[in-house]
Amino acid sequence: MKHRNVGIIGVGQTVHSSHREDVNQPELIHEAVTAALADAGMTMADVDCVVHGNMELFEMIHQPDMWHVIGDGAYGKPGIRVTTGGTTGATLVCAADALVASGLHDIVLAIGFEKLQEGHTTGGITNMADPLWGREIQTGALTGMTADAMIEEFGEERAKKAAMKHRVIMDKHAMKNPYAHRRFGFTDEMIPAMIANTPPLVGDLTIVHMCSQSDGACAMIFAAEHVVKKLGKKAAWIQDHVTVHREETFNLFGNHTEVSTMRYAATKLFGRNGITDPRKQIGVFEMYDPSSWWGLDWTREFLLLSGDEHLKMVENGDIGIDGSFPINPSGGVVASNPIGATAMVRVAEAALQIRGLAGERQVKRDFDLALASGFGGTLWTVLVLLAKNPPVSEEAQS
Amino acid sequence: MTKRAAICAVAQTSYERDKWYIRHQGMVWEVVEQLLKSTGLDYAEDTGIGQIVTVSDDLFDGRTISDAAVTDAVGAHFRAEEKVSQDGAMAVYYALSLILSGHTDLVLIVGHCKESQPGSRRLVTHLAFDPFFTRPVGLDYVGAAGLQAQAYHAKTGLKAEQLADVVVRARKNAAKNPQIKDLPAVTAADVLASPMLADPIRELMMYPVTDAAVGMIVASEERAKKLTDKPVWITGVGCCYDSFFLGDRDLTSNFALKNAAKRAYAMAGGDGADVYELSDMYAYQMPLWAEGLGLCGAGEGAKWLAAGGPDKKNVNLAGGTLAGAPMILGGLTRVIEAALQLRGEAGARQVRGAKRAVAHGSTGPAGQHHTVVALANEGGR
C-alpha cells in the first residue's frame with residue numbers, strides 16, 4: 001500500500017515547436033518550471049527536491065542537469081536525474097511519486113525536456129542497437145511492421161482508413177491545444193487524398209502518421225496529501241503506476257508471440273485497481289502514440305480488447321474528445337514530441353483533465369480516473385493511473 | 001519514520017584499467033549472478049525481483065538509452081527498470097524512496113561503466129559544459145577540478161607533498177582490497193614527478209581509468225530479515241546541487257556537500273560514524289570533502305591530513321575512488337565498501353566492531369552535486 005498520497009498540483013509546459021531558437025536549454029526549462037509553479041501557486045522556495053530527465057545523447061550534453069541548474073531552480077536543493085529513453089517523462093512522474101510518497105520530500109518538481117533541434121534524433125536512436133549485433137538495421141521508432149500486421153489482419157483498405165482517421169482525430173484535438181507543435185487542420189474529407197499522397201517513411205508508415213521532432217519542456221509539481229490540503233489546491237492523485245521493460249533484441253527468447261508490454265501493464269494495473277471495464281471506469285486516456293499505426297494498435301492492447309473493437313472505436317469516433325472514450329484530447333505525440341518531456345506531457349495532460357483545467361481540450365463529461373502511458377526503449381511501457389479522489393494510504397489509515 | 005530499508009547483499013566485479021575481455025553485459029551479469037546466489041532471489045512474478053534501478057551513462061557507453069543494453073542481463077524483461085543517470089549513490093537514495101513509498105519492497109541496483117571504452121574521459125566531461133560560455137574555453141571535469149584545487153591550496157596552505165601522501169596511502173589501502181587489480185604501489189616522489197594534468201593536479205593525483213560493474217539488493221525491513229542476518233540499514237540520505245558556473249560558486253565552501261550531509265545526518269538522528277567512504281576522484285578532494293562531511297573544521301583539511309585524520313577516522317580504508325572506480329559509479333562503490341565494513345566482510349581492511357558508516361558520492365564539475373548516505377548495522381541502528 002502507498003505510504004503517503006501524492007497529488008499533482010502544478011503543470012507547466014512550453015509551446016512545443018520544431019525550432020525554439022529563441023531560447024537555450026535552461027531557458028526552455030525555465031519557461032515550463034515558471035508555468036508549473038504559477039499553476040501550483042508557489043515559488044521555488046517551496047520546492048524540496050528537483051527531478052530531471054531527458055535523452056542525453058540527443059543533444060550530446062553530458063549530465064545536463066548540471067548546466068540546467070541555472071534554469072530549473074535546483075540550486076541548493078536535493079535533486080535526482082532519472083532516464084529511461086522515451087519513457088523518461090513518465091519515469092520522472094514515478095520517481096517524483098516515490099520521493100513524495102516515501103516521506104523523503106513533501107514537494108517535488110519534476111522536469112522533462114528535449115531540444116531535438118540541437119541533435120540528430122534518428123542518428124541517436126540508431127546507435128542504440130548493439131554495435132556487434134545489428135546497429136546497421138536499427139531504425140528506432142520508424143517501423144512499418146505494425147502497419148504490415150494490421151493490413152494483414154484487417155485488409156488494406158480498412159486498416160489504412162482507420163490509421164488515417166486516427167491521425168485526423170488527433171489533429172482535430174491538437175487544433176484545440178495551444179501548446180501543440182503540429183496543428184494542420186485536417187478534415188475527414190481529406191482522408192482518401194492523405195492515404196494516396198503522403199510520402200512513405202517505411203512501408204505503409206507515411207510521414208503524416210509519424211510523430212514530430214519537437215523542442216519543448218514540461219514541469220510538474222507533486223505534493224504530499226497534507227500539503228495539498230493545507231494549500232487547498234485541486235489535485236490529480238497518483239493512484240498507481242506500472243513499468244514494464246523488455247529485452248532489446250526482440251529474439252532472446254525465441255520467436256514465440258508474447259503478450260505486449262502494453263497489455264501486460266494494463267492487465268496488472270487494472271487488476272490491482274479494480275478496473276474491470278476500462279472504457280466505462282476511466283474517463284480519458286492520454287496515450288504515447290509515436291505513430292497513428294501504433295496509436296491504433298495499442299488502443300486494443302491497453303484497453304484489453306480483442307478482434308476489431310479498436311478499429312470500430314476509431315471508425316465510430318469513440319476516441320474523439322466528445323466520444324465515449326476520448327483518447328489524447330491534447331493531440332497526442334503525433335502532434336508534439338519533445339522526447340524527454342513527451343511521456344510527462346501525457347501524465348500532465350491527464351492531470352489537467354482530472355483537475356478540469358484543460359481549457360478548450362477539456363473532456364466535458366465527469367469522471368474519476370484518467371490513464372496515461374509512456375513508450376520508450378524497445379517497446380517499454382509505463383502506465384500511470386490518476387484519480388480525482390485520494391486513494392487509500394498507510395498515512396490516512398494510521 | 002516507521003518504515004526502514006536495508007542493503008541485504010552487495011556485489012562487485014574487479015576494478016581494472018581495461019576489461020577488454022568482457023562486455024558491459026558480461027560485467028553486469030557477473031554482479032547479478034553473485035547477488036542472486038547470495039540472496040537466493042529469483043525473478044518470480046510476485047515474490048522475485050521486480051524493480052531494478054540501474055546506473056550508467058549514455059556518453060560513456062557511446063549509445064543512447066545505455067540501460068537498454070543491459071535490460072536482459074539485469075533481468076528487466078517484463079519487469080520495471082529505471083536508470084539513475086547521476087552518481088551511483090543516488091541509486092541508493094532512489095531505491096530507499098521506492099521502498100519507503102510502499103511501491104515495492106525489493107530493489108536490485110546495478111551500475112556499470114567502462115571508462116576504457118571512450119577515447120577520452122575528458123572528451124566526455126567536456127560535453128557537460130554549456131556550448132556558449134564554458135565549452136569554448138575548453139573546460140572539462142579535470143580542468144574544473146584544477147581550478148578547485150588551486151583555490152583550495154590557496155585557502156588552506158595545502159602542500160603538494162601532502163597530496164602525494166594521500167595517493168601513496170590510497171594505493172597501500174587498495175592493496176588490501178582484492179577486487180582492485182593492476183594498481184601498483186607508488187612513492188611520493190613518483191606522484192610528484194608524474195605529468196601535470198591541470199595545475200596543480202598531477203596524473204597520479206587523479207583516479208585512474210577504470211572498468212567495473214557493481215550492485216546490491218535493497219529491501220524493506222520485512223524482506224530484509226528473510227534475506228540476510230546482516231542487514232545494513234540505510235538510516236539517512238541527503239543530496240544537494242550547487243550552481244553551475246564555476247565563477248558563481250565558492251569552490252572551497254563545500255556548499256552542496258554540507259547541505260547533503262546536514263540532511264543525511266538529520267534523518268539518521270546524528271552525525272559521526274566508525275567508517276567514512278569518500279569519493280575522492282582527486283587527491284585534494286580527500287581533505288576538502290572531509291571538511292564538508294564535518295570530519296574537520298572548514299579550512300582545516302591540510303591540518304587534518306598532517307594530524308593523520310584519515311587513519312584516525314577510518315576514511316577510505318579500501319583506497320577510495322582514488323584507487324580506481326568509474327566516475328559515475330563512485331558513490332555506489334563507496335556505499336558498497338561501507339556495507340562490507342558493517343557486515344564484517346571487509347577482510348584485511350576491516351574495522352572491528354564498526355556499527356555506523358557514512359558514504360559519499362559526487363556528480364558534476366568540481367563537485368556540483370553531492371550525495372551522502374548514512375548506514376548502520378543492527379548494533380548501530
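**What about unusual backbone geometry?**
Residues and elements named next belong to chain B. Cis rather than trans, the peptide bond between Asp199 and Pro200 has omega equal to 10°. Its location among the elements puts Pro200 in the loop between β5 (196-198) and β6 (201-202). Positive phi outside glycine occurs at Asn314, with the angle close to 55°. On the secondary structure map, Asn314 appears in the loop between α12 (309-312) and α13 (330-342). You will see that Asn316, though not glycine, has its phi angle at about 50°, which is positive. Mapping Asn316 onto the fold places it in the loop between α12 and α13. For Asn316, a count of 29 C-beta atoms within 10 Å corresponds to the buried category.

**A closer look at the domain arrangement of chain A**
Residues and elements named next belong to chain A. Parsing chain A into structural domains produces domain 1 (6-121 + 213-231) and domain 2 (136-208 + 238-390). Between the C-alpha centres of domain 1 and domain 2 the distance comes to 23 Å. Across the boundary between the two partners, domain 1 contributes 37 residues, which contact 29 residues of domain 2. Broken down by secondary-structure element, the contributors of at least two residues to the side of domain 1 that touches domain 2 are β1 (6-13), α4 (88-101), β4 (107-115) and β7 (215-224). For the side of domain 1 that touches domain 2, the element with the most residues is α4, which contributes 8 residues. Grouping the constituent residues of the side of domain 1 that touches domain 2 by class yields 16 nonpolar, 17 polar and 4 charged.

**Comments concerning the environment of Ser291 of chain A**
Along the polypeptide, Ser291 of chain A turns up in the loop between β9 (284-286) and α12 (292-302). Those residues in contact with Ser291 of chain A that sit more than four places away from it in its chain are Leu205, His209, Met210, Cys211 and Val334 of chain A.

**Looking at the environment of Val275 of chain B**
All names here are of chain B. Within the secondary structure layout, Val275 lies in strand β9 (residues 275-277). Sequence-wise, Val275 and Ala359 are 84 residues apart; in three dimensions their C-alpha atoms are separated by 8.5 Å. Excluding its chain neighbours within four sequence positions, the residues that come into contact with Val275 are Asn314, Ala338, Gln341, Val351, Ala354 and Ala357.

**Structural notes on α12 of chain A**
Residues and elements named next belong to chain A. For α12, a buried count of 11 out of 11 residues is recorded, marking the element as mostly surrounded by other parts of the structure. Looking at the packing, one finds that the buried side of α12 touches α6 (145-154), α7 (156-174), β6 (205-206), α10 (261-272), α13 (309-315) and β10 (369-376). Phi turns positive, to about 55°, at Leu304, one or two residues after α12.

What counts and what doesn't
- Residues numbered from 1 in each chain as written.
- Chains lettered and ligands numbered in written order.
- Predicted model: local features only at pLDDT ≥ 70, side-chain atom pairs only at ≥ 80, totals over all residues.
- Helix = DSSP H or I, 4+ residues; strand = E, 2+ residues; numbered from the N terminus.
- Buried ≥ 20, exposed ≤ 12 C-beta atoms within 10 Å, placed from the backbone.
- Domains from an automatic or database assignment.
- Contact = placed C-beta atoms within 7 Å.
- Nonpolar A, V, L, I, M, F, W, Y, C, P; charged D, E, K, R; others polar.

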